[in-house]
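What follows is each chain in one-letter form.
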Amino acid sequence: MTHNAQPTASHFIDGAPAEDTAGAPIDVIYPATGDIIARVHGATPAILERAVASARAAQVDWAARSGAERGRILRRAADLIRARNHDLSVLETLDTGKPYQETSVADAASGADALEYFGGMAATLTGQHIPLGEDWAYTRREPLGLCAGIGAWNYPTQIACWKAAPALACGNAMIFKPSETTPLSALKVAEILTEAGLPAGLFNVVQGMGDVGAALVADPRIDKVSLTGSVPTGRKVYAAAAEGMKHVTMELGGKSPLVIFDDADLESAVSGAILGNFYSSGQVCSNGTRVFVQDGIRPAFLSRLAERVSQAVIGDPMDPDTSFGPLVSARQLEIVESYIARGQSEGARLICGGSRLSRPGYWLAPTVFADVTDDMTIAREEIFGPVMAVLGFSEESEVLARANATAFGLSAGVFTRDLTRAHRMAAGFQAGTCFINSYNDAPVEVPFGGMKLSGVGRENAAAAIEHYSQLKSVFVRMGALEAPY
Ligand code: NAD
């Protein structure tokens, strides 16, 4: 069955779809079949100019509105997204290949949560009164101005909303560039925000490859850049933003540890390892891809894991029973396959998976390696695919040091029934988000972001407000002002 997901136009600017076919064509491919389902064009300089000019013009009035007024629009958009969850989830499945079983609960729904949360928070954003004897000062919490959002391809709707919601709540405008691999759903977010009453120009979407992202970052009229992507891209974007002393949020990659102690509940630990490695076919930044399993539980863990992985329902992503989909692209499939080959050549033991599935599209069986050692490539580099590396350990102190022996620091998890050990591990992990007897929860109420190479800044929760606003201090003298001469 072929699908047609062609949008009205490639971009969304100043409240309406916009097109310029002079831009480089980008084919949109349904990963489950390899079929081309749409074509968009990368932004030309003329498109970028329209996007920047309209956003800057619109931002002035938007910042002058009350927080309650801004928030009402965001909450209305959240309601529209929830009402259209089915269609948005189908589109997200077409764009990413992720099973509808996932997209129908994790993508548009998470975007709606962010719009609702920051919509509610908009009216609460205030400065502070600071008494200074008879004089006083106050702070104003002001927007940054025009923010650029640059997205990855694994959670296109969620990423667009996680960036747009706090940015707009604080009175900024945003230009969002989706990943060239998944350009479709951000256009829907823009349409919905407009329908909810967002004034034209405040959320513009421009398509394109890395060069379009780079052009946005370099534009002196952009005040802040929020990137979700890989560490190499993060380095480039952070450096380019530094030229203009721009604010940044960097949500980057990881190679997170998941530590399972002998006393863990076996079924929950296996669930954690499955959720932290195979959800979205392993294409999740926070995945716990280094699974350290203590000596006593390891044999039972591996056999139960293999049993449960064999129960994955691999098939048509639109079928609500399907629980495991394809990788996002041919390129990603090749990258992941090359890591599997490295794992085998470096001596890891293949427990299950390891090869492509013979069907059209970009399918790879969920793969587990045991007997992985810390120096192996598959234990050091981010794979971003359904490849779990199981490592052994005997002592808590040893495993904490090994868990932290990475340049990344996005997430970490521990499974144990020992309460004090769980909190000791969470305190010791060098990671922005830690999980105790769970993995990969990302509710909007909780700050999300990385330590070390995994990023700068936080998304979600009140913490995100700090990254989309700035404080101005105003000093007020009540009496006469004296000077020495
Ligand atoms: P990527 O770094 O290749 O691309 C990310 C985005 O940056 C894309 O939109 C791309 O077009 C753009 N880009 C590329 N070069 C650029 C440049 N020089 N200037 C400006 N923009 C540029 O990442 P990807 O392959 O799309 O996504 C996978 C990566 O994203 C993984 O490393 C994953 O861990 C990470 N990720 C992190 C999070 C998080 O929240 N921490 C979430 C999802 C994905």
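Residues numbered from 1 in each chain as written. Predicted model: local features only at pLDDT ≥ 70, side-chain atom pairs only at ≥ 80, totals over all residues. Heavy atoms only, no water.

### Brief notes about the overall build of the protein
Threshold: Comment: elements are numbered from the N terminus, with helices defined as DSSP H or I runs of at least four residues and strands as E runs of at least two. Within these notes, the globule rule equals 2.2 Å times the number of residues to the 0.38 power, and the radius of gyration is based on C-alpha atoms. Per-residue accessibility, obtained with a 1.4 Å probe over protein chains only, is compared with the maximum for each type, and a residue is labelled buried under 20%, exposed over 50%, and partly exposed between these values. Two residues qualify as a contact provided that any one of their heavy atoms is within 4.5 Å of a heavy atom in the partner residue. Positive residues here are Lys and Arg, negative ones are Asp and Glu, while His and the chain termini are left out of the count. A charge is said to be at NZ when it belongs to Lys, at CZ for Arg, at CG for Asp and at CD for Glu.
The secondary structure content of the protein amounts to 16 helices and 20 strands. Taking 23 Å as the expected radius of gyration for a compact globule of 485 residues, we find that the protein reaches 24 Å, a close match to that expectation. With 485 residues in all, the protein has 55% of them scored as buried. Across the protein, contacts joining residues at least 24 apart in sequence account for 73% of those joining residues at least 6 apart. Across the protein, the mean location of the 40 positive side-chain charges is 3 Å away from that of the 53 negative side-chain charges.

### As for the site of the ligand
Applied cut-off: The nearness test applies per residue and asks whether one of its heavy atoms lies within 4 Å of the molecule or strand. Pairs of N or O atoms are called polar contacts if they sit within 3.5 Å, as long as, within protein, a hydrogen donor faces a hydrogen acceptor (for residues adjacent in sequence, only side-chain-to-side-chain pairs). For accessible areas, the Shrake-Rupley method is used with a probe of radius 1.4 Å. Any residue's cover is judged against the shown protein chains and nothing else. Under this grouping Gly is polar, as are all residues other than the nonpolar Ala, Val, Leu, Ile, Met, Phe, Trp, Tyr, Cys and Pro and the charged Asp, Glu, Lys and Arg.
The immediate surroundings of the ligand are formed by 28 residues, with G151, E180, S230, T233 and E382 found nearest. W153 places a polar side-chain atom, nitrogen or oxygen, 3.0 Å from an oxygen atom of the ligand. Side-chain polar atom of E180 to an oxygen atom of the ligand: 2.7 Å apart, as the coordinates give it. Relative to its unbound accessible area of 850 Å², the ligand is 87% covered by the protein chains. When contributions to the shell around the ligand are tallied by element, the ones reaching two or more residues are helix 8 (210-218), strand 10 (224-228) and helix 9 (231-243). In terms of residue class, the shell around the ligand is built from 13 nonpolar, 10 polar and five charged.

### Things to note about the nonpolar core
Note the cut-off: In this text, buried Ala, Val, Leu, Ile, Met, Phe, Trp, Tyr and Cys residues form a nonpolar core when linked through side-chain atoms within 4.5 Å.
In terms of nonpolar packing, the biggest core is built from 77 residues, with L115, I175, L193, F203 and V206 touching the most fellow members. At nine residues, the largest contribution of residues to this core is made by helix 6 (residues 156-169). Setting aside chain neighbours within four positions, we find V206 in contact with H11, I13, A43, I47, L48, A51, I175, F176, K177, P178, V212 and L216. With 28 residues, the next largest nonpolar core counts F261, I340, V387 and A412 among its residues.

### Details of the packing of helix 10 (residues 266-278) against helix 11 (residues 298-309)
Put simply, the rule is: Convention adopted: a line fitted to C-alpha atoms gives each axis, helices being fitted over their contacting stretch, and angles between N-to-C directions are expressed from 0 to 180 degrees. Under this scheme an angle from 65 to 115 degrees is roughly perpendicular, one under 35 degrees roughly parallel, and one over 145 degrees roughly antiparallel; angles in between are oblique. The crossing is said to be left-handed when, going from far helix to near helix, the turn is anticlockwise and less than a right angle, and right-handed when the turn is clockwise.
As a packed pair, helix 10 and helix 11 sit with axes 10 Å apart at the nearest point and diverge in direction by 55 degrees. What the angle tells us is that helix 10 and helix 11 run oblique. Considering how the two elements wind past one another, helix 10 and helix 11 form a crossing that is right-handed. Here L266, E267, A269, V270, S271, A273, I274 and F278 of helix 10 come into contact with helix 11, specifically with A300, F301, R304, L305, R308 and V309. Within the contact of helix 10 with helix 11, the residues separate by chemical class into 10 nonpolar, one polar and three charged.

### Topic: helix 15 (residues 419-428)
Put simply, the test is: Directions from the helix axis toward the C-beta atoms define the arc.
R421, A422 and M425 are the residues of helix 15 that are buried. Considered in projection along helix 15, the buried side chains sweep an arc of 105 degrees and stay on one side of the axis. Relative to its buried face, helix 15 has exposed residues pointing more than 90 degrees away, namely L419, T420 and A427. The inward-facing, buried residues of helix 15 abut strand 12 (257-260), helix 14 (396-404), strand 17 (411-415) and strand 18 (433-436).

### Some words on the pairing of strand 11 (residues 247-251)
We count it as follows: Only strands that DSSP links by at least two bridges are regarded as paired with each other. Look down the strands so they point away from you; if going from the first strand over the helix to the second traces a clockwise path, that crossover is right-handed.
By the criterion of burial, strand 11 is predominantly enclosed, with four of the five residues buried. Bridge analysis of strand 10 against strand 11 gives five bridges, and the strand direction is parallel. Bridge pairing links L227 to M250 in strand 11. Note that the unit made of strand 10, helix 9 and strand 11 has a crossover that is right-handed. Across two bridges, strand 11 lies against strand 19 (residues 455-456) in antiparallel orientation. Counterpart to E251 in the pairing with strand 19 is G455.

Any functional reading would require information that these geometric values do not contain.
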